[in-house]
Amino acid sequence: MLTFALSKGRLADKIFDMLRKLKLCDIKVDDDDRRLVIESGDYRFFLAKPSDVPTFVESGVADLGVVGRDTLLEEMRDLTKLLDLGFGKCKMCVCGLVSDKDKYKYKTNLRVATKYPHIAKEYFDSINQNTTIIKLNGSVELGPIVGLSDCIVDIVESGRTLKENGLEVKEVICELSARLVCNNASLKTKYNEISNVVEGFKKLVKE
Ligand code: PRP
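Reading the values: the criteria
- Residues numbered from 1 in each chain as written.
- Predicted model: local features only at pLDDT ≥ 70, side-chain atom pairs only at ≥ 80, totals over all residues.
- Heavy atoms only, no water.
- Near = heavy atom within 4 Å.
- Polar contact = N/O pair within 3.5 Å; in protein donor to acceptor, adjacent residues only side chain to side chain.
- Areas by Shrake-Rupley, 256 points an atom, 1.4 Å probe, with all protein chains shown as cover.
- 1 Å grid on protein atoms, 1.4 Å probe; cavity = no way out; pocket = protein on both sides within 12 Å on 5 of 7 lines; lining within 4 Å.
- Sits in = over half its atoms within 2 Å of the grid points.
- Helix = DSSP H or I, 4+ residues; strand = E, 2+ residues; numbered from the N terminus.
- Patch = residues over 30% accessible without salt bridge, like charges linked within 9 Å, V, L, I, M, F, W, Y side chains within 5 Å.
- Salt bridge = Lys/Arg side-chain N within 4 Å of Asp/Glu carboxyl O.
- Lys, Arg positive; Asp, Glu negative; His and termini not counted.
- Charge placed at Lys NZ, Arg CZ, Asp CG, Glu CD.
- Buried < 20%, exposed > 50% of the residue type's maximum accessible area, 1.4 Å probe, protein only.
- Pairing = 2+ DSSP bridges.
- Axes fitted to C-alpha atoms, helices over the stretch in contact; angles between N-to-C directions.
- Contact = heavy atoms within 4.5 Å.
- Domains from an automatic or database assignment.
- Buried area = accessible area lost by both parts, 1.4 Å probe.
- Parallel < 35°, antiparallel > 145°, perpendicular 65-115°, else oblique.
- Left-handed = near helix turned anticlockwise from the far one by under 90°.

1. Some details on the site of the ligand
Argument step 1. Around the ligand there are 13 residues in total, and Lys115, Glu141, Asp154, Ser158 and Thr161 lie nearest to it.
Argument step 2. Here an oxygen atom of the ligand and a side-chain polar atom of Ser158 are 2.6 Å apart.
Argument step 3. Protein chains shield 72% of the accessible area of the ligand, which is 500 Å² for the free molecule.
Argument step 4. Structurally, the ligand is housed in the largest pocket.
Argument step 5. For the shell around the ligand, the secondary-structure elements that each account for two or more residues are β9 (151–156) and α6 (160–163).

Next comes the structure, spelled out in structure tokens:
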């Protein structure tokens, strides 16, 4: 049996679409579903908070995981990255108030609100800018609006949240999308099963 840790939330619909097409999971899972473990044929699926998917895969309780690159960069777990699944495309960006123009560039101690403290620190360290990183768990855009921070580091997908709140992208840090990842030991012990799954995903991604 192969076990997957899947991200709940914005990636979930597309993940289950792919699993159905690959005939790995024939169970319909909708937004109202409260099940955390789903079994279908030879496969078992954990539905986890996205930031916890790498933990399940690194520990080996899940052989495979589907998770955003943002989470992989932030969590830095020891696992094998197998495939860019080509959906959930968005960008990791430095964003700030439109009215602030590029003031943030010249702050000596920049206050940065983010759900991604590691990514934010690494980015500002790389351009030698001193920062105080303020960890938030959601609605990060509030930071500059209410004066908690000078800017934010966050994912931007459609750009709607920024636009509707008077913010804009100042810098793009990197491109993001959903990734298929694997436990290092499982890749050796279940090589054939995992290879079959990866080949299936590869064909779907090319379509
Ligand atoms: C994410 C992200 C932005 C928004 C970007 O938040 O943190 O706030 O989506 O998407 P957009 O560019 O399409 O508007 P999420 O919806 O996950 O909620 P959260 O702010 O509570 O984390």
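From this point, the narrative continues.
2. Description of a positive patch on the surface
Argument step 1. On the surface, a cluster of positive charge is contributed by Lys8, Arg34, Lys49, Lys115 and Lys135.
Argument step 2. Topologically, Lys115 is positioned in the loop between β7 (110–114) and α4 (117–126).
Argument step 3. Accessibility expressed as a relative area gives 32% for Lys115, which makes it partly exposed.

3. Some thoughts on the sheet that holds strand β2 (residues 37–40)
Argument step 1. Spatially, β2-β3-β1-β4-β11-β5 is the arrangement adopted by the six strands of the open sheet, whose pairing is mixed. The open sheet has two edge strands with one neighbour each: β2 and β5 (80–84). Taking the axes of each pair of neighbouring strands and ignoring which way they run, one obtains an average angle of 25° across the sheet.
Argument step 2. Inspection of the sheet shows strand β1 (residues 2–7) paired to strand β3 (residues 43–48) by six bridges, in the parallel sense. Along β3, the bridge assignment pairs Leu2 with Tyr43.
Argument step 3. Strands β1, β2, β3 and β4 (64–68) of the sheet are contacted by helix α1 (residues 12–21), whose axis makes an angle of about 150° with β1.

4. Let's talk about unusual backbone geometry
Argument step 1. Phi is positive for Met76, which is not a glycine, with a value near 45°.
Argument step 2. Mapped onto the fold, Met76 is located in the loop between α3 (69–75) and β5.
Argument step 3. Judged by its relative accessible area of 53%, Met76 is exposed.
Argument step 4. You will see that Ser139, though not glycine, has its phi angle at about 45°, which is positive.
Argument step 5. Tracing the chain through its elements places Ser139 in the loop between β8 (131–135) and α5 (142–146).
Argument step 6. With a relative accessible area of 52%, Ser139 lands in the exposed category.

5. Looking at the domain arrangement of the chain
Argument step 1. Examined at the domain level, the chain breaks down into domain 1 (2–88 + 177–206) and domain 2 (90–176).
Argument step 2. The centre of domain 1, based on its C-alpha atoms, is set 29 Å off from the matching centre of domain 2.
Argument step 3. At the interface, eight residues of domain 1 touch eleven residues of domain 2.
Argument step 4. For the pair domain 1 and domain 2, the summed buried surface comes to about 890 Å²; carbon and sulfur atoms form 54% of the total.
Argument step 5. The three residues of domain 1 that bury the most area against domain 2 are Arg10, Asp70 and Glu74, which together make up 54% of that side's buried surface.
Argument step 6. One can count one salt bridge joining domain 1 with domain 2.

6. Quick look at the packing of α1 against helix α8 (residues 191–206)
Argument step 1. Axis separation between α1 and α8 bottoms out at 10 Å; the angle between their running directions is 110°. Between α1 and α8, the angle falls in the class roughly perpendicular. Like other packed secondary-structure pairs, α1 and α8 cross with a definite hand, here right-handed. Contacts from Met18, Leu19 and Lys21 in α1 reach Phe201, Leu204 and Val205 in α8.

7. Overview of the sheet that holds β8
Argument step 1. With mixed pairing, the five strands of this open sheet are ordered in space as β8-β7-β9-β6-β10. One side of each edge strand has no neighbouring strand; the edge strands of this open sheet are β8 and β10 (167–176). For this sheet the average axis-to-axis angle between neighbouring strands, irrespective of direction, equals 25°.
Argument step 2. Across three bridges, β7 lies against β9 in parallel orientation. Looking across to β9, one finds that Val112 is bridged to Cys151.

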